[in-house]
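Residues per chain are reported as follows:
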Amino acid sequence: MQREDTRLAMRHSRRALLWPGIALLCVVALWSFTLIKGRAETRNAELAAHKDASGYAEGYEQYITRSLVQMDQITMQLKQSWEQSGGQLHVEDLQRDGMFTDRAFLAVRIADSSGRIVTSTRRLAGPENIARADYFRFHRNNNSTSLSINVPTQQHDPIQRSIEFSRRLEGPDDSFAGVVVLTVAADYFTSFYSARTLGDEGMVTMLSTSGTLRLEQHGNASASDDASLLLGQPELPQDSGSRLLDGGSFSDGKARIFGWRRSRAYPVVAAVGLAQSEAMAAANTANLNRTQSAMLATLVLVLLGAWGRVMTQRALQRRHEEEEVRRAYRTATESATDGFYMAMALRNEAGQIRDFEIVDCNERGAFFFGVTRGELLGQRVSLMVNHLFAESLLQTYLAAMSSGYLEDEREMPADNRLNIGWCHRRLVRVGNGLAVTLSDVSERKRHEAELQRMANEDALTGLPNRHWLEEFFKHTLSQAHAAGHAVALLFIDLDEFKHVNDTQGHAAGDELLRQAAARLKSLLRPSDRVVRFGGDEFVVVISPADSDAHSSAVAERILQAFSQPFMVAEEKQSVGASIGISVFPRDGADAETLIRHGDIAMYAGKSDGKGQYRFFDPSLYKQIKSRTRLKQHLIEAIERDQLQLYYQPRVDTQTGQLCSMEALVRWIHPEQGVIPPLDFIPMAESNGLIVPIGELVIAQACAQLAQWRAQDLPLAPISVNVSPKQFSHGGIHRHLEAQLTRYQLPASLIEVEITESAMLGEHESILAQLAALRTLGVKLHVDDFGTGYSSLSQLQKLKMDVLKVDKAFTSQLGLSTEGRVFFQAIVSMAHALGMTVVAEGVETAGQLSILRDLGCNEVQGYYIARPMPAQEMAGMLQQHQALRA
Ligand SMILES: Nc1nc2c(ncn2[C@@H]2O[C@@H]3COP(=O)(O)O[C@H]4[C@@H](O)[C@H](n5cnc6c(=O)[nH]c(N)nc65)O[C@@H]4COP(=O)(O)O[C@H]3[C@H]2O)c(=O)[nH]1
C-alpha cells in the first residue's frame, strides 16, 4: 500500500510539473528564437551597414576623384594658358569672363618664379609672396608638372577649411617660371555628405595617404567646423574596405562603421562613417521589440505554467482525494455489513445531471440489490429499482450532489429482488459523483417500533398510556375539527385506590388497576378509547361525542360499574370513581387543555363528594385558584407560627373532674381572625400539608405541657388528632417520641385520636404504627365513632383505649329512644371490651344527665367548656388544682 502511495505521489508530482515544464520549454524556445533572430538581425544589419559604408565610400571616392580631376584639369589649363601667353595671363579676366564663379573656388592665383603673386581672382589673407610655401618650394625644386594638393600653411587645424591645388609653371625652356594655385573650399569635397543617406551622426572624410590632409563632414556640421570627429589617422590597410571603429576613435565617443576607398588617381582616401547606433537602430529596435514581446510572452507562459501547475495540482489532489475516499470506503466496507457504492454523475451537454452510473461497489452493496458486484457495476441508478422509487432515488442523489452531504433513513420499496427493508443512507459528494453507504437498519427499526409500542403502552394494564394519548389527540382533534364534531374526555380517578394500595399492598393495588382497566374497556364502544393516564387515573376519549347527554350516560355507566366492589386477593374492595368531563372544542382546543380541564372537573366533583361526575365549568377555575391561594397562605401560616392550639377539656361524667383535654388547631389569621380547622384541615389533608401541621400540633402540645409544668400547674393529658394521611406518611411514633424526650414528658400525657375511617382495612403499616404508639405508653382514641363501619370487636383487636362517640349520637340523646338505646348498646359493649367511652358534643345538662345514667365515662362538649386558648386552659388547670386541693 505504501509503495502504491509512493508511486501515485510520484506520478502526481510528475503530472503537476507538466504544465510548468511545457511553459519552460516554450520560454526556452522563445528566447532561443529571440536571441538567434536578434543576433542574425544584428549581424545582417552590421553586414548591411558595412556594405553601405563600403558603397558610400566608393561613391565618395568617385566623387572626390571627379572633383580632383576637375581641379587637375583647371590647373592644367591655367598652366597651358599662362605658358602660351608668355606669362601674360590674368585670371581676373578669366573670372570676369565667367570662370571660377563657383563659390568653392576661393581663389585662383599665379605666382612668378620669385613667389610673388602676379595675378589673382581674390586677395587672400596671408603674405603676398608664397615663396615660403611648401608647395612652391616643391614645384621650384621638382621638375614635375603633376598636380600638388596642399594644405594652406596658415591652417593648423586637423581639419582644413580650404585646400590648395598647385602646378608648376615653366618657361619656354622648361625652367621654373612660377606656380598656379587653386584654393578651393574644403566643403567642395565633403558636400557628398547627406544626412538622409548617411544618418544624422554619419560622416565623410577625405584623407591624404600621407596623412597631411583631412577633410571631414559629419551630421549637419561641416568640415570647416573646428571640432574634428575622427581622432587621429585610422589604420586603413587595404585600398578599400570597411571596419568598425569603436567610440575611442571619435570625439563624440560613438562607434562607427567605417568604409573607405583609395583613389586610383590621387593619393587620397575617401572614407564614410555610419554611426553604429543609427546603422543598427532598426535592428536594435526590432530586437528590443522582439525582446519585449518575448518578455511578455515569457511572463504569460510563466503565469500559464503556474496556473497550469496549480490547476493540475488541484485536479490531481481532487483525484487523489477521490481515490483515497474510494479506497477508504472500499477498504472500510468490503468486509463490513454496509453496502458501498460509487455513483458517477452522468451529465447532458448543458452540464445537467440526468442519471448516475455505479462505477464501484462492494459485494454487500450488490447483495442489497439482489445482484452480484459485476452485474451492478455500470448500471444506471434510474434502472436499478422500480420506476417510482427510481424517481425518488434520483432526487435524493441530486440533492446530495448539490448539498455535498445527505444522510437519511428510508424504507425500501416492496420488491422481491431487494435484500434490504429499512436502510440508513449516507451520501457524500466526491468530485463528479457520490460515495454512498447503505446500512441495513431493518432490525433496529423493528426494535424501535417495539419500543414505540412500549412507549405508548402501559405495561400493567396493556392500555395505551399518556404519551400515546397526547399523540392520539393530535390526530383526533384535527379530524374532529375538520368534521365539525365534538370529542369528550372523561378524566377518571379511583376514589379509594390509595387506601387499597396502602392497606393491601402494591400487588393488590396493581390487580385492582388491571381489573379497573378491564371493566372500563368492557363498558365502552370499540371506537372509544381508554387510556391509563397514570397512577389510579384513567382517561376515556369518546369521539365523536354526540352530546353532553351521551357523555353523561357513559360517565354514569362507569360510576355504576365502579360502585360494584372488586375481588382482589379474595377480598372485596370498593373503590368507586370520580369523573371530570371536558369537551372539545368547547372546553379546550388541544389535548393539554382538555386533560387539565377534565382533571379540574374531576377534582371539583371529588371535593364535593366522591363517586360523581362533573362537566368542566370555567368557574371551577376560581375554586382551584382559591384552593391554591389557600394552600400558599397555609404554608406561610405554618412558617409564621399562625397555627395555635385551642384546648377543650374532657371531664369525668360522674365527678366533673378534668380527665384530659383535646388539642384543636386554630389558624390565627392576622386579618381574618380565628379560622376554624374545618376550613383548612380537609384541604391540608388533600394536599399533604396535614403532615407538617400534625407534627406542629404534637410539638406545640408537648411544649405547652412543658410550659404548664414549669408554671407548676397540674398537668392533664392532651389528646391530639392524627389524620389518616399522617399514618400513611408514617413516622408518627418517632416524632412523638422525639418531642416527649425533648420536653422530658411521660408518654401518658399524650393521647392520640384516630378517626374510625382511618383504621379501615387494618393495613399492616397502620397496625405497626399503632403498636409502636402503644409501646410508647400513649393511649389510643377512636374518634367520631359511629360514622364508620367498624365493629367493636375490630377496635378491640386494635387494642384501642378510648371510644369517642360522635356528637351526632350525643345530639340524639333526649330526642329519641333510639338514640339512647344506641348509646346504651355502645357503652355496654365498650365496657365489656375494656374501653373507656367518651361522649362528644355534650351541649345540654339533659344530655349529661342521660350519659351519667348510661354509665358513659367521660364527656366533652360546649356544655362543659368550649375549646379555649392555652392561657384560658391554664386558668382551668389552676381551678382544677384548687378543686383537688
Ligand atoms: N357542635 C358542637 N361541636 C362541638 C362541641 N364540643 C366540641 N365541638 C367541636 O367538635 C370538634 C371536635 O373535634 P373532632 O371531632 O376531632 O373534629 C375536629 C378534627 O377532626 C379536626 N381537627 C381539629 N384540630 C385538628 C388537629 O390538630 N389535627 C387534625 N388532624 N384534625 C384536627 O377538625 C374538626 C373540627 O374541629 P373543631 O372545629 O375544633 O371542632 C371540634 C369542637 O370544637 C359541642 O358541644 N357541640
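Scroll up to find the structure.
Here is a short report on the structure shown in this document. (Residues numbered from 1 in each chain as written. Predicted model: local features only at pLDDT ≥ 70, side-chain atom pairs only at ≥ 80, totals over all residues. Heavy atoms only, no water.)

1. Topic: the nonpolar core
Which entries qualify depends on this criterion: We call a set of buried residues a nonpolar core when its members are Ala, Val, Leu, Ile, Met, Phe, Trp, Tyr or Cys and they connect through side-chain atoms within 4.5 Å of each other. The cut-offs for exposure are 20% and 50% of the maximum accessible area for each residue type, with area from a 1.4 Å probe on protein chains only; residues under the lower value are buried, those over the upper are exposed, and the others partly exposed. Helix numbers and strand numbers start at the N terminus; a helix is a DSSP run of H or I with at least 4 residues, a strand a run of E with at least 2. Working rule for contacts: check all heavy atoms of both residues, and any pair within 4.5 Å makes them a contact.
Core analysis: the biggest nonpolar cluster contains 82 residues, and Leu-634, Leu-643, Trp-708, Val-720 and Phe-823 have the highest contact counts within it. The element contributing the most residues to this core is helix H21 (residues 690–710), with 11 residues. Here Leu-634 is in contact with Leu-643, Trp-667, Phe-680, Met-683, Ala-684, Leu-689 and Ile-693, once residues within four sequence places are set aside. Ranked by size, the runner-up nonpolar core spans 42 residues in total, among them Ala-57, Leu-182, Leu-198 and Leu-274.

2. Observations regarding the site of the ligand
For clarity, the threshold we go by: The cutoff for a nearby residue is simple: one of its non-hydrogen atoms must lie within 4 Å of the molecule or strand. N or O atoms within 3.5 Å of each other form a polar contact, as long as, within protein, one can give a hydrogen and the other can take it, and as long as residues adjacent in sequence are counted only when both atoms are side-chain atoms. Here the accessible surface of atoms and residues is derived via Shrake-Rupley with a 1.4 Å probe, and residues count as covered only by protein chains that are part of the display. Residues are grouped as follows: nonpolar covers Ala, Val, Leu, Ile, Met, Phe, Trp, Tyr, Cys and Pro; charged covers Asp, Glu, Lys and Arg; every other residue, Gly included, is treated as polar.
Close to the ligand lie 20 residues, the nearest being Gln-648, Arg-666, Asp-783, Glu-843 and Tyr-862. Measuring from an oxygen atom of the ligand, one finds a side-chain N or O atom of Arg-666 at 3.0 Å. Within the complex, 86% of the 780 Å² of free accessible area of the ligand lies under protein. When residues in the shell around the ligand are grouped by element, the largest group, four residues, is from strand S24 (residues 658–669). Here the shell around the ligand is composed, by residue class, of eight nonpolar, five polar and seven charged.

3. Quick word on helix H23 (residues 732–743)
Note the cut-off: The span expected for a helix works out to 1.5 Å for each residue beyond the first. To be clear, the arc concerns the directions from the helix axis to the C-beta atoms.
With 12 residues, H23 should reach 16 Å at 1.5 Å per residue; the first-to-last C-alpha distance of 17 Å fits that figure. Those residues of H23 that fall on the buried side of the exposure criterion are Ile-732, His-733, His-735, Leu-736, Gln-739, Leu-740 and Tyr-743. Projected onto a plane normal to the axis of H23, the buried residues spread over an arc of 165° and lie on a single side. Looking at H23, the residues exposed on the side facing more than 90 degrees away from the buried face are Arg-734 and Arg-742. Residues of H23 that are buried sit in contact with H21, strand S26 (718–722), helix H22 (724–729), strand S27 (750–755) and helix H24 (764–776). One or two residues past the end of H23 sits Gln-744, with phi positive at roughly 55°.

4. Some thoughts on the sheet that holds strand S7 (residues 214–218)
Rules: Only when DSSP finds a minimum of two bridges between them are two strands counted as paired. Interaxial angle, 0 to 180 degrees, is taken between N-to-C directions of lines fitted to C-alpha atoms, where a helix line uses only the stretch in contact.
In spatial order, the strands read S7-S6-S10-S9-S8; together these five strands make up an open sheet with antiparallel pairing. Each having just a single partner strand, S7 and strand S8 (240–245) make up the two edges of the open sheet. Strand-to-strand twist of the sheet, defined as the mean angle between neighbouring strand axes without regard to direction, takes the value 15°. Examined bridge by bridge, strand S6 (residues 203–208) and strand S10 (residues 268–275) share six bridges and lie antiparallel to one another. Note on S10: the bridge partner recorded for Met-203 is Gly-273. Strands S6, S8, strand S9 (256–262) and S10 of the sheet are contacted by helix H2 (residues 18–84), whose axis makes an angle of about 145° with S10.

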